[in-house]
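# Observations on chain architecture
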Amino acid sequence: MSEKSKAELLKEKLTIKHQSGLKDASEETIKNAFDFCEDYKKFLDDAKTEREANEVSLSIAKENGFVPFVMGETYKAGDRVYFNNRGKAVAFAVIGKEKVENGTNITAAHIDSPRLDLKPNPLYEEIDMALFKTHYYGGIKKYQWTAVPMALHGVFVKTDGTVIKVCIGEDDNDPKFVVNDLLPHLAQEQSKRTLSDGIRGEELNVLVGSMPFKDDKASELVKLNILNILYEKYGVTEADFLSAELECVPAAKACDIGFDRSMIGAYGQDDRVCAYPALRAICDTKVPEKTAVCVLADKEEIGSDGNTGLNSAFLKYVIGDLAKMQGGDETVALRNSKCLSADVNAALDPTFQDVMERRNASQINRGVCVTKYTGARGKSGTSDANAEYVAQIRNMLDSAEISWQTGELGRVDLGGGGTVAMYIANLGVDVVDLGVPVLSMHAPFETTSKFDVYMCYKAMYEFCK
Ligand code: MN
Ligand code: MN
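Read on for a plain summary of the structure.

### Overview of the coordination of the manganese ion (ligand 1)
Protein coordination at the manganese ion (ligand 1): the donors are His110 (NE2), Asp270 (OD), Asp343 (OD) and Asp343 (OD), at 2.1 to 2.6 Å from the metal. Mapped onto the sequence, the residues coordinating the manganese ion (ligand 1) show the spacing H-x159-D-x72-D. Here the manganese ion (ligand 1) and the manganese ion (ligand 2) are spaced 3.3 Å apart, and both take aspartate 270 as a donor. In this pair, aspartate 270 sits in helix α5 (residues 269-284) while aspartate 343 sits in the loop between β15 (338-341) and β16 (345-346), placing the two residues 73 residues apart along the sequence. You'll find aspartate 270 and aspartate 343 in the same group, each marked buried.

### With respect to the pattern of salt bridges
By the definition in use, this model includes 31 salt bridges. A salt bridge links lysine 88 to glutamate 245; its shortest N-O distance comes to 3.1 Å. With a gap of 157 residues between them, lysine 88 in the loop between β2 (80-85) and β3 (89-94) and glutamate 245 in strand β11 (residues 244-250) connect regions that are remote in the sequence. Its relative accessible area of 31% is what places glutamate 245 among the partly exposed residues. Here aspartate 384 and lysine 372 are joined by a salt bridge, their closest N and O atoms 2.7 Å apart. With a gap of 12 residues between them, aspartate 384 in the loop between β18 (375-376) and α8 (387-399) and lysine 372 in the loop between β17 (368-371) and β18 connect regions that are remote in the sequence. Taken together, the salt bridges that share partners define one network made up of Glu38, Lys41, Asp256, Arg261 and Lys450.

### A word on the coordination of the manganese ion (ligand 2)
Four donors placed tetrahedrally about a metal ideally form angles of 109.5 degrees, and six donors placed octahedrally ideally form angles of 90 or 180 degrees. The manganese ion (ligand 2) binds to the protein through Asp270 (OD), Glu301 (OE), Glu301 (OE) and His442 (NE2); the donor distances cover 2.1 to 2.6 Å. Within one chain, the residues donating to the manganese ion (ligand 2) are spaced in sequence as D-x30-E-x140-H. By relative accessible area, which is 12% here, glutamate 301 ends up buried.

### A look at the sheet that holds strand β13 (residues 263-266)
Strand order across the open sheet formed by 3 strands is β12-β13-β23, with antiparallel pairing between neighbours. Among the strands making up the open sheet, the edge pair consists of β12 (255-257) and β23 (446-449). Between one strand axis and the next, the sheet turns by 35° as a mean value, whatever way the strands run. Summarising the sheet, β13 and β23 pair through 4 bridges and their orientation is antiparallel. From the neighbouring strand, methionine 263 faces β23, where its bridge partner is serine 449. Across the face of the sheet, helix α10 (residues 450-464) comes into contact with β12, β13 and β23 while running at roughly 70° to β23.

### Focus on the layout of surface pockets
In this structure, the largest pocket spans a volume of roughly 1100 Å³. Lining the largest pocket are 36 residues, with Ala346, Leu409, Gly416, Met441 and His442 positioned closest to its centre. Breaking the lining of the largest pocket down by element, the ones donating at least two residues are β16 and β20 (416-417). Among the residues making up the lining of the largest pocket, the classes are represented as 14 nonpolar, 14 polar and 8 charged.

### Considerations on the packing of aromatic side chains
In total, this model carries 14 aromatic pairs according to the counting rule given. A centroid spacing of 6.0 Å and a plane angle of 55° characterise the contact between phenylalanine 36 and tyrosine 454, whose relative ring orientation is tilted. Linking phenylalanine 36 in helix α2 (residues 27-46) with tyrosine 454 in helix α10, this pair joins segments that are 418 residues apart in sequence. Accessibility classification places phenylalanine 36 together with tyrosine 454 in one group, the buried group. Against the face of tyrosine 373 rests lysine 379, its NZ or CZ located 4.0 Å from the ring centre. Here the basic side chain of lysine 450 rests over the ring of phenylalanine 34, its NZ or CZ set 4.1 Å away from the ring centre.

### Some points on the side chain of threonine 29
On the secondary structure map, threonine 29 appears in helix α2. What makes threonine 29 buried here is its relative accessible area of 19%.

### Some details on the pairing of β3
Among the 6 residues in β3, 6 count as buried, and that is most of the element. Residues Ala89, Ala91 and Ala93 of β3 are buried on one face, and the alternating residues Val90, Phe92 and Val94, pointing to the opposite face, are buried as well. Here β2 runs beside β3; their pairing, made up of 6 bridges, is antiparallel. Its bridge partner lying in β3, arginine 80 is registered against valine 94. The turn linking β2 back onto β3 is made up of 3 residues, and arginine 86 within it adopts a positive phi angle of 60°.

Thresholds, definitions, all that
Residues numbered from 1 in each chain as written. Chains lettered and ligands numbered in written order. Predicted model: local features only at pLDDT ≥ 70, side-chain atom pairs only at ≥ 80, totals over all residues. Heavy atoms only, no water. Donors = N, O, S within 2.8 Å, 3.2 Å for Na, K, Ca; no water. Helix = DSSP H or I, 4+ residues; strand = E, 2+ residues; numbered from the N terminus. Buried < 20%, exposed > 50% of the residue type's maximum accessible area, 1.4 Å probe, protein only. Salt bridge = Lys/Arg side-chain N within 4 Å of Asp/Glu carboxyl O. Pairing = 2+ DSSP bridges. Axes fitted to C-alpha atoms, helices over the stretch in contact; angles between N-to-C directions. Contact = heavy atoms within 4.5 Å. 1 Å grid on protein atoms, 1.4 Å probe; cavity = no way out; pocket = protein on both sides within 12 Å on 5 of 7 lines; lining within 4 Å. Points joined across faces, edges and corners; volume = space filled by probe spheres on them. Nonpolar A, V, L, I, M, F, W, Y, C, P; charged D, E, K, R; others polar. Phe/Tyr/Trp six-rings, centres within 6.5 Å; stacked < 30°, edge-to-face > 60°. Lys NZ or Arg CZ within 6 Å of the ring centre and 35° of its normal.

As C-alpha cells, this is what we get:
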C-alpha cells in the first residue's frame, strides 16, 4: 500500500467523517436490525392508535417486570415502575443507583399519529348510502386519504362508564371502510383546485354501508340498518357516538419494502418508529446509574396540548413523584435531567430533493438523526439544543459506535414543524431531538429503513442504561 499523502492525512484529521451507515455495517448488525424490525412490525400492526399503543406497551413492560407506581412506596435501584395516564399516555421508569434529584435520563416519543377522527355526530344517510363525517387529526395531505382501505379503531363510553372497544378492518375477514374520490373523467373542476385543496376537510366522508333495513314505513333505512348492526354488535345507540373516540386509520399492515427487504412500509411510523425502540430500550435497562424514564405521549400531532400531551404537567409530576419518593425535590430533579426527544425527521427523497439543503438533510440508512432544532421562520417554535448537550450526545453515540447523522427539517423558510422537545425544555431539562428519518411522513403509508430503526434502539439503550 502506498503511503498517504500530506493532504490525505490532513483531510483525515480535519474534515467531518460522514457516518457511512448501512454500507459499512457488519453482517451481524444487519441481521440484528432485521430481527429487531420483525418485532417492530408486529407492534405497528397491534398499536395503530394511542390507546392501543398504550395498552400494547404496557403489556410488553409488564412482561419485563414493570409495576404501577404507588405513592408512598419506596423503590430501590433497578426497580421498574410505570405511570399510566388515562390509557392514552404512559411513562416507564427504572430507578437508578444515584438519587433522582441528581437527574434522570428521559426518552420521549409520541404514540398518536395523523388519522381521521369521527365527529361527535358522525353517522348520516345520503342517496341510500350511510357515511361517517370526520374531522382529520394532525397535519395530512387530505387527497392521500381517499380510495384506500380504512379500519375503525377506538372506544364508545356509555353514560354508566362502560368502555366498549372497537376494532374493525384489521382482521382479513373484517369489512373495511373507504373515503371515495371523484373519478378522473369528471374531475375537470376538481383538478383546478390546488393540491392542498384537492380534497377538502368536509369531503373526507367515510362510506360505511348501503343496505336498507327491511321495512317500508321508516325513512333513512340504510342508516337505521347500520345503527341496528352497531346495536347488535356493541350494544350502542346513536347517542353513544357523543362520548366516543373513534378513529379511522389505514387498514394496511406493516410490510417489508424493496427486493432487498431493507425498508419497512406502514401506517403510523411517525412516531412509533421511535416509541418502540424507546420502549424496548427501557425494558432492556437493568440497573442504571441515573433513573431512566421513557414517556410515550399522546396529542403530539395536534400540538401536545391536553392532559395526555407533553404540554401538560404529566412528565413534570412523574419526575416529581420519583424525586419525592426519595425525599428529593422535583425542581432540582428536572434541572439535572437530560432528554432525548425521540421523533422522526424527514428523509431526503430522491424525487423531491430540492426541499432539502443537502449538507443538512438526513438520509435513510445513515443511522439515527440528531436534530438540533426544528421550528419554522427563523427557528420559531422549537428548542434549539445547547451545544454543550449536543456534544455529550455526540460523544455517547460515537463511543458506542452507533451510526448517526444530523438533519434539519427541510430548507430554510420552506415550511417546518415541531416536536415535544420544546415542552420538555421548558421544564428546565436539557433536550435534543433524535429519531429515525422517514419517507412520506404523515401519509397513510410511511417508509423507514430497518438499519435506522435499529440504530435508534441502540441510541436509546445507550442513553438509558
Ligand atoms: Mn412525530
Ligand atoms: Mn408528525
